[in-house]
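Structural description and commentary
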Amino acid sequence: MTSPVPARPDSPAPAAPASPSPATSARLFDAARAVIPGGVDSPVRAFGSVGGAPVFIAGARGARVRDVEGREYVDLVGSWGPALLGHAHPAVVEAVRRAAGRGLSFGAPTAAETELAEAVRERVPVAERVRLVSTGTEATMTAIRLARGATGRDLVVKFAGCYHGHSDGLLAAAGSGVATGGLPGSAGVPAAVAAQTIVLPYNDADALTGCFEARGRDIAAVIAEPAPANMGVVPPAPGFNATIREVSAAHGALMIADEVLTGFRVGPAGFWGLEALDGWSTALDDGGAGPAASPSWPGADWRERAAWVPDLLTFGKVVGGGMPLAALGGRADVMELLAPVGPVYQAGTLSGNPLATAAGLATLTLADDAVYATVAARARQIGEIVGAALDAEGVAHRVQRSGSLFSVVFGPGAAERGVRDYEGARAQEAWRFGPFFRAFLEAGVALPPSVFEAWFVSAAHDDAELERIAAAAPSAARAAAAARPPRGTGPDD
Ligand code: PLP
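Conventions used here
Think of each chain on its own: its residues are numbered from 1, step by step along the sequence as written. Confidence filtering applies because this is a predicted model: local features only for residues at pLDDT of at least 70, side-chain atom pairs given and counted only at 80 or more, and all residues used for totals across whole chains, interfaces and linings. Heavy atoms from the whole structure form the basis of all side-chain values; hydrogens and water molecules are not counted. Salt bridge, as used here: a side-chain nitrogen of Lys or Arg that lies within 4 Å of a carboxyl oxygen of Asp or Glu. Each residue is placed in one exposure class: buried if its accessible area under a 1.4 Å probe, protein chains only, is under 20% of its type's maximum, exposed if it is over 50%, and partly exposed if it falls in between. Note on conventions: DSSP H or I runs of at least 4 residues are helices, E runs of at least 2 residues are strands, and numbering of each starts at the N terminus. Think of a nonpolar core as a cluster: buried Ala, Val, Leu, Ile, Met, Phe, Trp, Tyr and Cys residues, connected wherever their side-chain atoms sit within 4.5 Å. Contacts: residue pairs with any heavy atoms within 4.5 Å of one another. When DSSP finds two or more bridges between a pair of strands, those strands are recorded as paired. For this description, a residue counts as near a given molecule or strand if any of its non-hydrogen atoms is within 4 Å of it. Polar contact criterion, stated in full: a pair of N or O atoms within 3.5 Å, where within protein one must be able to donate a hydrogen and the other to accept it, and residues adjacent in sequence count only if both atoms are side-chain atoms. Reported accessibility uses the Shrake-Rupley method at a 1.4 Å probe radius. Residues are deemed covered only where the shown protein chains occlude them. Residues are grouped as follows: Ala, Val, Leu, Ile, Met, Phe, Trp, Tyr, Cys and Pro are nonpolar; Asp, Glu, Lys and Arg are charged; all remaining types, including Gly, are polar. Consider the strands pointing away from the viewer: the crossover is right-handed when the path from the first strand over the helix to the second runs clockwise.

**Brief notes about the pattern of salt bridges**
Scanning the entire structure with this criterion turns up 17 salt bridges. In this structure, Glu-69 and Arg-71 form a salt bridge, with 3.3 Å as the shortest nitrogen-oxygen distance. Overall, Glu-69 belongs to the partly exposed group, its relative accessible area being 34%. Note that Arg-129 and Glu-336 form a salt bridge whose closest N and O atoms lie 2.7 Å from each other. Taken together, the residues Arg-129 in strand 4 (residues 129–133) and Glu-336 in the loop between helix 11 (332–335) and helix 12 (354–366) connect sequence positions 207 residues apart. Look at Arg-129 and you get partly exposed, because its relative accessible area is 35%. In this structure Glu-336 comes out as partly exposed when scored by relative accessible area, which is 33%. Via salt bridges that share partners, Arg-245, Asp-311, Arg-331 and Asp-333 belong to a single interconnected network.

Structure follows, in structure tokens:
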């Protein structure tokens, strides 16, 4: 591999530690596979769908990551979302350093937890009460338990292609790594548990209504990514989130908006703020590119203005600023059912960890209007650069967007009609992505290693990064054009 991005003199990423035989990603991957299943601690990192050894990272700063061999890449993974400000933002690192100096973990309350919970509520006032946990998986798992505790019902509705973490009941037809691995779900989930989850096609209001008509009295909650980004980016059809709200409320079920990925990323109030308050929407039939996003803060009149209001929300990624922290929030009467006040149990040795809380608080504090405007503008530009390069090579594709989140879908069917659900996402010419990805990597740009993932832009992505992406895009587009389907698969229509 050649052509690393030249290091910027003002922002050197940390160098790889010295070792007797120089580390290479391939060698480290071999060593890892001997002790870690698949060599990775989260499946999509293994590059299974794009081929080659995963790049082992030595450090990251701003919009760039550096691998163990000293190559630097423009990073569009952003730690899968948390790096909204860019990697290792000095103020975030300093906040963590100061917190670490006071002690790593106490297992007792700290004032900073209240501050972070207040910061969440200030931005997303639907979250009248907030509980901090350590991962998005815990947040959604707890939200489901809470919904069951609140309603006395067992069934949960989820949508195919939406990913809500890896708890047993939520792995059916999940997106993200489950989609990348081509799995229907996971082994090891008891049939009795899986039977409590009803999976519906995304963006299908009739399926939702029909399901509630048939089984509404047994359904505790509908959980959805308000703007799915784990089957690639699939914008909600105009009004779909409002329909989830109406239908679930009409049958006494709760609506859980899983904003683990979108929360504090597409705007201060997440996708809820962008769509329900700011009115952002896109119809795939009209081209689907969506208007430029200009997210705003909720304001005092949010309840009158909101097109839909969920009962519970889950957060992760940005709210922890790159540290293991996530949260759930929502209606006070429902949240107060959590132990120790209520009967729904939830706990965590490291919940509200002081280092993670410090990183999250610093990140939310720095994520001002300018940050969101920059991320939205850069995301739009990057999508346009990549789209133009694919057009130039005649590769049928579409850049799908939900605010500042975007991804590319391949194939004539996807290009013409847009991808609106999991079936469409799986029917695209996904085999074009591997060569496209590898050509970008070769040229010093790291995309998320799966066609089913969103591309993550940060406020640190500057002109130099855009130039590097523009320089790399033609060869990536040529690689996508030259790709051929694996034997036994055909074009998407
Ligand atoms: N929910 C959504 C929408 C996600 O995108 C993810 C992770 O990508 C999760 C939940 C699970 O979060 P975690 O990986 O922190 O457990």
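**Let's talk about the nonpolar core**
Of all hydrophobic cores here, the largest spans 108 residues; its most connected members are Phe-159, Trp-272, Phe-436, Phe-440 and Trp-455. Those residues in contact with Phe-159, other than ones at most four positions away along the chain, are Ala-173, Val-199, Leu-200, Pro-201, Tyr-202, Leu-208, Val-222, Ile-223, Ala-224, Phe-240 and Ile-244. Grouped together as the second largest cluster of nonpolar side chains are 19 residues, Ala-147, Ile-256, Met-335 and Val-344 included.

**Structural notes on the pairing of strand 2 (residues 64–67)**
Alternating positions in strand 2 separate into two faces, Arg-64 and Arg-66 on one and Val-65 and Asp-67 on the other, with burial throughout. In the sheet, strand 1 (residues 57–61) pairs with strand 2 via 4 bridges, with the strands oriented antiparallel. Looking at the pairing, Ala-60 lines up with Val-65 of strand 2. Two elements, strand 2 and strand 3 (residues 72–75), share 3 bridges in a ladder whose sense is antiparallel. In the strand pairing of strand 3, Arg-64 is matched with Val-74. Counting the residues in the hairpin turn of strand 2 and strand 3 gives 4 residues, including Gly-70, whose phi is positive at 90°.

**Observations concerning the site of the ligand**
Every residue lining the ligand is accounted for by Thr-135, Gly-136, Thr-137, Tyr-163, His-164, Gly-165, Glu-225, Asn-230, Asp-258, Val-260, Leu-261 and Lys-317. The side chain of Thr-137 places a nitrogen or oxygen atom 2.6 Å from an oxygen atom of the ligand. Asp-258 is positioned such that a nitrogen or oxygen atom in its side chain is 2.6 Å from a nitrogen atom of the ligand. About the coverage of the ligand: the protein hides 82% of its 390 Å² of free accessible area. For the shell around the ligand, the per-class residue count stands at 3 nonpolar, 6 polar and 3 charged.

**Section: the sheet that holds strand 13 (residues 445–446)**
Ordered by their spatial adjacency, 4 strands build an open sheet running 1-2-3-13, and the pairing between neighbours is mixed. The open sheet terminates on both sides in strands that have one partner only, identified here as strand 1 and strand 13.

**Regarding the environment of Ala-257**
Note on placement: Ala-257 falls in strand 8 (residues 254–259). Apart from residues no more than four positions distant in its own chain, Ala-257 is found in contact with Ala-224, Pro-226, Trp-308, Pro-310, Leu-312, Leu-313 and Thr-314.

**Observations regarding unusual backbone geometry**
Across the junction of Ala-339 and Pro-340, the peptide omega takes the value 10°, indicating a cis bond. When you line up the elements, Pro-340 lands in the loop between helix 11 and helix 12. Positive phi, normally seen in glycine, also occurs at Ser-79, with a value near 60°. Along the chain, the position of Ser-79 falls in the loop between strand 3 and helix 2 (90–102). Positive phi is not limited to glycine here, since Asn-203 has a value of about 65°. Note that Asn-203 resides in the loop between strand 6 (197–200) and helix 7 (205–215).

**Overview of the pairing of strand 8**
Among the 6 residues that make up strand 8, 6 are buried, leaving the element largely enclosed by the rest of the structure. Handedness of the crossover is the feature at issue here: the chain leaves strand 7 (residues 219–224), passes through helix 8 (residues 240–250), returns alongside strand 8, and the resulting connection is right-handed. As defined by bridge partners, strand 8 adjoins strand 9 (residues 312–315) across 4 bridges and the pair is classed as parallel. Opposite Glu-259, over in strand 9, you have Phe-315 as the bridge partner.

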